[in-house]
Amino acid sequence: MYFCYIEEAGCTGALPDANSSIQPVLVICGIIIEQQYVSALTYDFLEIKRRFYPKDFSNLRDLDCITKEIKGSEVRKLIKGNQK
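Reading guide: rules and limits
Residues numbered from 1 in each chain as written. Predicted model: local features only at pLDDT ≥ 70, side-chain atom pairs only at ≥ 80, totals over all residues. Heavy atoms only, no water. Helix = DSSP H or I, 4+ residues; strand = E, 2+ residues; numbered from the N terminus. Buried < 20%, exposed > 50% of the residue type's maximum accessible area, 1.4 Å probe, protein only. Contact = heavy atoms within 4.5 Å. Areas by Shrake-Rupley, 256 points an atom, 1.4 Å probe, with all protein chains shown as cover. Lys, Arg positive; Asp, Glu negative; His and termini not counted. Charge placed at Lys NZ, Arg CZ, Asp CG, Glu CD. Phe/Tyr/Trp six-rings, centres within 6.5 Å; stacked < 30°, edge-to-face > 60°. Salt bridge = Lys/Arg side-chain N within 4 Å of Asp/Glu carboxyl O. Polar contact = N/O pair within 3.5 Å; in protein donor to acceptor, adjacent residues only side chain to side chain.

Trainee: Can you lay out the overall build of the protein chain for me, pointing to particular residues and giving the numbers?
Mentor: Looking only at helices and strands, the protein chain has four helices and two strands in total. Relative to its full complement of 84 residues, the protein chain shows a buried share of 8%. Pairs at least 24 residues apart make up 32% of the contacts formed inside the protein chain by residues separated by at least 6 positions. Surface accessibility of the protein chain: about 7200 Å² in total, with carbon and sulfur atoms responsible for 57%. Counting 11 positive and 11 negative side-chain charges, the protein chain places the centres of these two groups 7 Å from one another.

Trainee: Mind laying out the packing of aromatic side chains, listing which residues take part and the relevant values?
Mentor: Where two aromatic rings form a pair, the distance of their centres and the angle of their planes describe that pair. Across all of its chains, the model carries one aromatic pair by this definition. When the ring of Tyr53 is compared with that of Phe57, the centres are 6.4 Å apart and the planes differ by 80°; the resulting orientation is edge-to-face. Of the residues examined, Phe57 reaches a relative accessible area of 1% and is grouped as buried.

Trainee: Can you explain the pattern of salt bridges? Please cite residues and give values.
Mentor: A side chain with one charge can pair with a side chain of the opposite charge if their charged atoms come near. Counted by the stated rule, this structure contains two salt bridges. Of the charged contacts in the structure, one is a salt bridge between Asp62 and Arg50, with a shortest N-O distance of 2.9 Å. With a gap of twelve residues between them, Asp62 in helix α3 (residues 62-67) and Arg50 in helix α1 (residues 35-52) connect regions that are remote in the sequence. For Asp62, a relative accessible area of 31% puts it in the partly exposed group. Across the salt bridge formed by Asp64 and Arg61, the nearest N and O atoms sit 3.1 Å from each other. Judged by relative accessible area, which is 29%, Asp64 ranks as partly exposed. For Arg61, a relative accessible area of 63% puts it in the exposed group.

Trainee: Outline the side chain of Lys49, supporting the account with residue identities and numerical values.
Mentor: Among the structural elements, Lys49 can be located in helix α1. An unpaired buried charge is present at Lys49: no salt bridge exists, and Glu69, the closest side chain of opposite charge, is 8.6 Å distant. A polar contact is formed between the side chain of Lys49 and the backbone oxygen of Ile66, at a distance of 3.5 Å. Excluding anything up to four places from it in sequence, Lys49 contacts Pro54, Phe57, Cys65, Ile66, Lys68 and Ile70.

This is how it looks when you write it as structure tokens:
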């Protein structure tokens, strides 16, 4: 059995002006994973969240960690070196 995960990011609406900080694109992507790899991938994903966002995720149970979302703007801050 395979699992397919689909994710979207961005904005489908019109930009209010040319200098708007809203993302001017909508991105849709997906990944198909064999069932045997889902558990390991899930725990690896949780470890990444806890490693890079220890204040937000280190004290959460696994299910709470899964359901708490990291927004793209937070990832961009981390990449730019402007951590929370």
